[in-house]
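Structural characterization, general
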Amino acid sequence: MIGLYGSDENFQHAFRYVYRMKDAVDGEALSKAVNTAIKRYPYLAIKLVKNENEVLHTVVPNDRPIVVANRTEPYVMFSEDTNNHILALLYHDNNIYLDSSHSFLDGIAACEFTKTVLYYYITEKYGKEIPSDNIRTLDTPMTEEEVIDPFLHLPPLTEKPVGGARRPAPSFSVEEGGRITERKHTLYELKVNEDTFVKYSRSHNGTVATVSAAFLAKAILHLHGNVDKPVRINLIRNLRPVLGTPKAHHSLVGNILLEYPEKVGDWDMEKLGTISRDMLKFQTDPANSLASIHAKKKQIDGLYAMDNLDAVKNACNQTYTNSGRYVTGVISYVGKIDYGVLSDYMESISAYVNPAYTNLVIEIGVLNGCLNYSFMQSFSDDVYVKAFVEELRQEGIEAEVGEAQPLLVPRINV
């Protein structure tokens with residue numbers, strides 16, 4: 001809800017997943033696959049309607065086809081261009097683009113849906129049957145767990161949070177560093193060998209996500225020298241494990257804040273990996289996790305109680321504005337998705353989001369032995385990308401860096 005009504009001209013809570021196939025995309029086969037797959041996910045075939053006497057929109061079924069088009073420029077979600085759907089599938093050359101609202105599904109749910117699309121696409125395009133292991137098909141029963149929002153039935157708070165709650169102080173912002181010259185949403189794509197990075201992470205007491213956060217923090221601290229506020233990296237986390245709902249399709253993401261004060265800039269990566277792991281462990285403690293989820297539920301209930309849509313939008317916008325004060329950058333890694341035999345037809349996977357309030361966002365996708373870093377900025381300067389790559393290089397990790405390109409993320413019409 002916050003993402004839906006918090007979207008404005010500056011920030012759109014939406015995402016684009018890019019699936020690069022080994023062969024050119026067949027648009028007719030893709031259209032047939034998408035509109036077959038959606039039958040397995042009726043809870044994604046929806047639209048929003050606004051009744052005159054209601055403050056918020058209502059979600060209702062949408063029986064119009066999912067839009068599939070040969071183009072790279074995103075459509076506006078919930079508009080006539082997408083048949084008012086929350087998602088659209090576009091394609092061009094070897095790329096398939098899944099565009100959607102982040103308010104209704106997250107990366108894990110998007111990849112689950114796309115696995116089904118790719119299953120039907122590959123069987124249609126190549127005219128042969130492939131194993132459907134770990135893929136939801138029309139023959140896979142749909143469970144209540146998939147459909148029912150876990151926030152409606154939260155586990156009770158039975159333990160006190162460990163350490164107590166503490167409101168973070170403002171963090172260092174790259175806007176303060178004098179390195180930004182042109183405001184233009186820009187994407188840099190980096191490729192890193194998965195085996196090399198995973199082995200390095202494990203040997204330095206971390207994970208792909210925490211070690212990536214430590215590298216980003218170290219790069220920023222080295223660029224700016226003496227900073228009077230900590231560099232704070234927000235790790236996006238999957239809330240399904242703590243909620244006990246692994247099959248839920250909803251946008252179930254939380255935040256883990258990893259804080260790096262100026263003094264840690266020259267620490268070695270093993271020490272940084274250890275403190276990053278400890279911060280992660282503390283914030284993923286079950287009692288702490290559940291307490292933060294209940295706090296989010298209380299915030300959402302307060303929004304539903306408002307009697308004016310403008311007030312709702314202002315409150316949601318303020319949430320994102322505040323995130324820009326307390327976060328220097330964001331790292332999101334959904335983990336290694338099991339694509340099974342589908343990966344034989346795929347080259348890579350990447351994810352794009354809007355970096356407006358935090359200025360720097362890294363999405364990490366993994367496929368076929370390669371980590372794909374989507375380095376997204378609200379500006380075009382490459383100084384942070386170069387600094388990040390240099391930190392990797394100094395630790396013996398080579399990264400292939402692509403040219404700067406415009407960052408294309410769908411917009412939302414609400």
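You'll find the structure just up there.
Residues numbered from 1 in each chain as written. Predicted model: local features only at pLDDT ≥ 70, side-chain atom pairs only at ≥ 80, totals over all residues. Heavy atoms only, no water.

1. A look at a nonpolar patch on the surface
Taken together, the side chains of Met-142, Val-147, Ile-148 and Leu-152 make up a nonpolar region of the molecular surface, amounting to roughly 350 Å² of accessible area. With respect to the helices and strands, Val-147 occurs in helix H4 (residues 144-147). Taking the relative accessible area as the measure of exposure, Val-147 reaches 36% and is therefore partly exposed. (Patch = residues over 30% accessible without salt bridge, like charges linked within 9 Å, V, L, I, M, F, W, Y side chains within 5 Å. Areas by Shrake-Rupley, 256 points an atom, 1.4 Å probe, with all protein chains shown as cover. Salt bridge = Lys/Arg side-chain N within 4 Å of Asp/Glu carboxyl O. Helix = DSSP H or I, 4+ residues; strand = E, 2+ residues; numbered from the N terminus. Buried < 20%, exposed > 50% of the residue type's maximum accessible area, 1.4 Å probe, protein only.)

2. Remarks on helix H8 (residues 269-283)
The end-to-end C-alpha separation of H8 is 21 Å, in line with the 21 Å expected for 15 residues at 1.5 Å each. Where H8 is concerned, the buried positions are Met-269, Leu-272, Gly-273, Ser-276 and Met-279. With its buried residues spanning 125° around the axis, H8 presents them on a single face. In this structure, the buried side of H8 is in contact with helix H5 (194-203), helix H6 (208-224) and strand E10 (253-260). (Expected span 1.5 Å × (residues − 1). Arc of directions from axis to C-beta. Contact = heavy atoms within 4.5 Å.)

3. Considerations on the pattern of salt bridges
When charged atoms on two side chains of opposite charge get close, those side chains can pair. Using the criterion set out here, one finds 18 salt bridges in the structure. The residue Glu-112 makes a salt bridge to Lys-115 at a minimum N-O spacing of 3.8 Å. Taken together, the residues Glu-112 and Lys-115, both in helix H3 (residues 107-126) and 3 residues apart, mark about one turn of the helix. Between Asp-382 and Lys-386 there is a salt bridge, with the nearest N and O atoms lying 3.3 Å from each other.

4. As for the side chain of Asn-62
As for its placement among the helices and strands, Asn-62 is situated in the loop between strand E3 (58-61) and strand E4 (68-70). Polar contacts involving the side chain of Asn-62 include one to the main-chain amide nitrogen of Arg-64, which spans 3.1 Å. (Polar contact = N/O pair within 3.5 Å; in protein donor to acceptor, adjacent residues only side chain to side chain.)

5. Considering the pairing of strand E13 (residues 360-367)
Of all 8 residues that make up E13, 8 are buried, and the element is covered over most of its length. Judged by which residues are buried, E13 turns out to be covered on both faces: Leu-360, Ile-362, Ile-364 and Val-366 on one side and Val-361, Glu-363, Gly-365 and Leu-367 on the other are all buried. Across 4 bridges, strand E11 (residues 329-333) lies against E13 in parallel orientation. By the bridge assignment, Tyr-333 is partnered in E13 with Ile-364. As defined by bridge partners, E13 adjoins strand E14 (residues 370-377) across 8 bridges and the pair is classed as antiparallel. (Pairing = 2+ DSSP bridges.)

6. Looking at the pairing of strand E6 (residues 87-92)
For E6, a buried count of 5 out of 6 residues is recorded, marking the element as mostly surrounded by other parts of the structure. The pairing of E4 with E6 spans 3 bridges and is parallel. Bridge pairing in E6 places Ala-69 opposite Leu-90. Pairing of E6 with strand E7 (residues 95-101), which is carried by 6 bridges, proceeds in the antiparallel orientation. Opposite Leu-90, over in E7, you have Tyr-97 as the bridge partner. Between the antiparallel neighbours E6 and E7 lie 2 residues, among them Asp-93 with a positive phi of about 55°.

7. Notes on the packing of aromatic side chains
Applying the stated criterion across every chain, the model contains 13 aromatic pairs. Here the aromatic rings of Phe-375 and Phe-388 are separated by 5.8 Å at their centres, their planes lie at 55°, and the arrangement is tilted. Here Phe-375, found in strand E14, pairs with Phe-388, found in helix H11 (residues 383-394); they are 13 residues apart in sequence, far enough to count as distant. Taken individually, Phe-375 and Phe-388 each receive the classification buried, so the pair is uniform in this respect. Three or more aromatic residues joined by ring pairs make a cluster, and in this case those are Phe-197, Tyr-200, Phe-215, Tyr-373, Phe-375 and Phe-388. (Phe/Tyr/Trp six-rings, centres within 6.5 Å; stacked < 30°, edge-to-face > 60°.)

8. Looking at the packing of H5 against H6
Helices that pack against each other are described as a pair by the angle of their axes relative to one another and the distance between those axes. In the contact formed by H5 and H6, the axes pass within 9 Å of each other and the chain directions differ by 85°. Here H5 is positioned roughly perpendicular relative to H6, judged by the angle of their axes. On the side of H5, the interface is formed by Phe-197, Val-198, Tyr-200 and Ser-201, while H6 contributes Val-208, Val-211, Ser-212 and Phe-215. Tallied by class, residues from the contact of H5 with H6 come to 6 nonpolar, 2 polar and no charged. (Axes fitted to C-alpha atoms, helices over the stretch in contact; angles between N-to-C directions. Parallel < 35°, antiparallel > 145°, perpendicular 65-115°, else oblique. Nonpolar A, V, L, I, M, F, W, Y, C, P; charged D, E, K, R; others polar.)

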